[in-house]
Amino acid sequence: MPATKPIYKRILLKISGEALAGDKGFGINGQVLRQVASDLKAAKNLGIQIAVVIGGGNIFRGLSAAEEGMDRVNCDYMGMLATCINALALQDVLEQQGVSTRVMSAIELSDIAEPYIRRRALRHLEKERLLIFSGGTGNPYFTTDTAASLRAMEIEAEVLLKATKVDGVFDKDPEKNKNSKKFAKISYIDVLNKELKIMDSAAISLCMDNRLTLIAFNLKHKGNLVKVVCGEKIGTIINHQG
Ligand code: UDP
């Protein structure tokens, strides 16, 4: 029988905006959102403290818009706002499922989200509220992957879980190459040297410098989050040794 005892007390889960779009590739897919929320609820019911960093790529990506001629910094703020839209959607669905949540934002949005204050974030986690971090790092030229590494360190999460739409880290894009090989484990430095597309290099470097273990896994399969927090070997573990 698979284990149902968590091996972590506090985790940070990074969910990209793209993951919320489902097959449409844009916007928010209600069914996907409800599944993510129920997976989060199941993991939380095991007694672990959960923080989520949410992306915004399903609504707006700063770099892509800047390439079309808009001002990059403006575009990045638009991207940060997109993460806040996703955060409110996730909060809504979680609360419908009876999960107590708080949304914190790295950019000021006082009508809809609390400002990010580390001590307050820790207090929410201790009070068993699921915490959703929005607004990325609050700075242009960054990504929500980097925000996830940063917040994971700040809240002293034991692991950073990166939700993806494939089963982990592969040597080649598994959606384009039938013969791609999945790594069970890999070191941060190999991820950087091989330029494997799992998180951007700033995010990986931050994990590497601070020895924060990263696990990439497929959130599309219901129940995977519980499996990962219970130590089942699905996905890819990224750490110092590899
Ligand atoms: N963004 C930013 N600073 C941050 C985090 C995000 O400027 O610290 C902007 C950036 O334009 C990015 C957009 O927000 O393209 C959406 O975030 P991201 O691309 O990381 O979302 P994801 O790929 O996870 O959906």
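Look a little higher up for the structure.
Residues numbered from 1 in each chain as written. Predicted model: local features only at pLDDT ≥ 70, side-chain atom pairs only at ≥ 80, totals over all residues. Heavy atoms only, no water.

Caption draft 1: Highlighting the overall build of the protein chain. Along the backbone of the protein chain there are 9 helices and 11 strands. Taking 242 residues into account, the globule formula puts the C-alpha radius of gyration at 18 Å, and the protein chain, at 17 Å, falls close to it. Residues counted as buried form 51% of the 242 residues belonging to the protein chain. Split by element, the accessible area of the protein chain, about 11,900 Å² in all, is 49% carbon and sulfur. Positive and negative side-chain charges in the protein chain, numbering 33 and 27 respectively, have mean positions lying 6 Å apart. (Helix = DSSP H or I, 4+ residues; strand = E, 2+ residues; numbered from the N terminus. Rg over C-alpha atoms; globule rule 2.2 N^0.38 Å. Buried < 20%, exposed > 50% of the residue type's maximum accessible area, 1.4 Å probe, protein only. Areas by Shrake-Rupley, 256 points an atom, 1.4 Å probe, with all protein chains shown as cover. Lys, Arg positive; Asp, Glu negative; His and termini not counted. Charge placed at Lys NZ, Arg CZ, Asp CG, Glu CD.)

Caption draft 2: Just the packing of aromatic side chains, in detail. Enumeration over the complete set of coordinates arrives at 1 aromatic pair. On the basis of an interplanar angle of 80° and a centroid distance of 5.4 Å, the ring pair of tyrosine 116 and phenylalanine 133 is categorised as edge-to-face. Pair noted here: tyrosine 116 is in the loop between strand S4 (114–115) and helix H5 (118–126) and phenylalanine 133 is in strand S5 (residues 130–134), with a separation of 17 residues, a long-range link. By relative accessible area, which is 17% here, tyrosine 116 ends up buried. Cation over ring: arginine 151 sits above tyrosine 116, and NZ or CZ is 3.6 Å from the ring centre. We note arginine 151 situated over the ring of phenylalanine 133; from NZ or CZ to the ring centre the distance is 5.8 Å. (Phe/Tyr/Trp six-rings, centres within 6.5 Å; stacked < 30°, edge-to-face > 60°. Lys NZ or Arg CZ within 6 Å of the ring centre and 35° of its normal.)

Caption draft 3: Expanded view of the sheet that holds strand S3 (residues 101–105). Taken in spatial order, the 9 strands of this open sheet run S4-S3-S5-S2-S1-S6-S10-S11-S9, and their pairing is mixed. The sheet is open, and its two borders are formed by S4 and strand S9 (185–187), each paired with just one other strand. Inspection of the sheet shows S3 paired to S5 by 5 bridges, in the parallel sense. By the bridge assignment for S5, methionine 104 is matched with phenylalanine 133. (Pairing = 2+ DSSP bridges.)

Caption draft 4: Highlighting helix H2 (residues 30–44). A rise of 1.5 Å per residue sets the reference length of H2, with its 15 residues, at 21 Å; its end C-alpha atoms lie 21 Å apart and thus fit the reference within 8%. Of the residues making up H2, those classed as buried are Leu33, Val36, Ala37, Ser38, Asp39, Leu40, Ala43 and Lys44. Next to the buried residues of H2 lie strand S1 (10–15), helix H1 (17–21), strand S2 (49–54), helix H4 (72–96), S5 and helix H9 (224–229). A side-chain oxygen of the first residue of H2 lies 2.9 Å from the backbone nitrogen of glutamine 31; this N-cap is asparagine 29. (Expected span 1.5 Å × (residues − 1). Contact = heavy atoms within 4.5 Å. Polar contact = N/O pair within 3.5 Å; in protein donor to acceptor, adjacent residues only side chain to side chain.)

Caption draft 5: Summary view of H4. Compared with the 36 Å implied by 1.5 Å per residue over 25 residues, the 37 Å span of H4 between its first and last C-alpha is a close match. Downstream of H4 by a residue or two, glycine 98 has a phi angle that is positive, lying close to 85°.

Caption draft 6: Representation of the site of the ligand within the structure. In the vicinity of the ligand lie 21 residues, with Gly17, Asp76, Thr137, Asn139 and Thr144 positioned nearest. With respect to the ligand, the backbone of glycine 56 contributes an N or O atom lying 3.0 Å from an oxygen atom. Here an oxygen atom of the ligand sits 2.7 Å away from a polar atom, N or O, in the side chain of arginine 61. For the ligand, the protein covers 93% of the area, taking 520 Å² as the surface of the free molecule. Put simply, the ligand lies in the largest pocket. Residue assignment for the shell around the ligand shows that the elements contributing at least two residues are H1 and H4. Each residue belonging to the shell around the ligand can be placed in one class, and the counts come to 4 nonpolar, 13 polar and 4 charged. (Near = heavy atom within 4 Å. 1 Å grid on protein atoms, 1.4 Å probe; cavity = no way out; pocket = protein on both sides within 12 Å on 5 of 7 lines; lining within 4 Å. Sits in = over half its atoms within 2 Å of the grid points. Nonpolar A, V, L, I, M, F, W, Y, C, P; charged D, E, K, R; others polar.)

Caption draft 7: Quick peek at the nonpolar core. Counting residues in each nonpolar core, the largest one holds 36 residues, and the members touching the most others are Leu13, Ile15, Leu40, Leu90, Leu161, Leu225 and Val229. Secondary structure elements with two or more residues in this core: S1, H2, S2, H4, S5, strand S6 (159–164), strand S10 (214–218) and H9. Setting aside chain neighbours within four positions, we find leucine 225 in contact with Leu13, Asp39, Leu40, Ala43, Leu161, Phe217 and Leu219. Grouped together as the second largest cluster of nonpolar side chains are 32 residues, Ala51, Leu125, Leu131 and Ile186 included. (Core = buried A, V, L, I, M, F, W, Y, C linked by side-chain atoms within 4.5 Å.)

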